[in-house]
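Observations on the three-dimensional arrangement
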Amino acid sequence: MEITTIMGVPAHPLMVHVPVVLVPLSLIGALLMFIPRWRERIGWVTVVLAGAALVFTQLAISSGQGLEDHVERTPFLEDHTSIAENLRPWVFLFFLGLLAVMLIDRTLRRRAASAGTTPTGTPRAVLATLVVTVLLGVGASWVTYRVGHTGAKASWHEVNFKSGGGEGGEQGEG
């Protein structure tokens, strides 16, 4: 089932904003997870946010493919669609990394509790997995940015703004 419109409006511009917010927000959560007490508090919430980002990434890609048939094919659109296809694996691996961090942490805590000890600090397995996961989150955030930037160019490249400037916010000649 492909979602192409929501209440008569193209679904794609609405869907894309969820991963644009949730991917970097999940990265912030992953960074906070280096602190054990924060990992306990927000770890599973971060996993859920990344899972939602993954679902909406798929919905954004699907709705974008539906929208492709109704817009003019330009080099800007070609750039946008080719970069967008690369986002799905990044967000998927980031989600899996977050899930792995929490499952490893949970397993080690249970083992420590059954042995009658209290875990202190961050075990190496959790730390190593978290470092890889943060790198995946940085990659996912970067690709999300690139997809959004090329999508904006594809949508707005022919618009001439009267006030303001061109690329980088330079002021136009008056």
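Refer to the structure printed above.
Report follows, based on the coordinates. (Residues numbered from 1 in each chain as written. Predicted model: local features only at pLDDT ≥ 70, side-chain atom pairs only at ≥ 80, totals over all residues. Heavy atoms only, no water.)

With that settled, consider the pattern of salt bridges. One pass over the structure, following the stated rule, counts five salt bridges. Salt-bridge contacts for E78 lead to R73; the nearest nitrogen and oxygen are separated by 2.5 Å. Between E85 and R88 there is a salt bridge, with its nearest N and O atoms 2.9 Å apart. Here the residue E85 and the residue R88 both occupy positions in helix 4 (residues 75-114), the gap between them amounting to three residues, near one helical turn. By relative accessible area, which is 35% here, E85 ends up partly exposed. (Salt bridge = Lys/Arg side-chain N within 4 Å of Asp/Glu carboxyl O. Helix = DSSP H or I, 4+ residues; strand = E, 2+ residues; numbered from the N terminus. Buried < 20%, exposed > 50% of the residue type's maximum accessible area, 1.4 Å probe, protein only.)

Packing of helix 2 (residues 17-32) against helix 3 (residues 36-68) leaves a shortest axis separation of 8 Å and a crossing angle of 155 degrees. Classified by the interaxial angle, the pair formed by helix 2 and helix 3 is roughly antiparallel. Here the hand of the crossing between helix 2 and helix 3 comes out left-handed. Contacts from V18, P19, L22, V23, L25, S26, G29, A30 and L32 of helix 2 reach helix 3 at W38, R39, I42, T46, L49, A50, A52, A53, F56 and T57. Its residues assigned to classes, the contact of helix 2 with helix 3 comprises 14 nonpolar, four polar and one charged. (Axes fitted to C-alpha atoms, helices over the stretch in contact; angles between N-to-C directions. Parallel < 35°, antiparallel > 145°, perpendicular 65-115°, else oblique. Left-handed = near helix turned anticlockwise from the far one by under 90°. Contact = heavy atoms within 4.5 Å. Nonpolar A, V, L, I, M, F, W, Y, C, P; charged D, E, K, R; others polar.)

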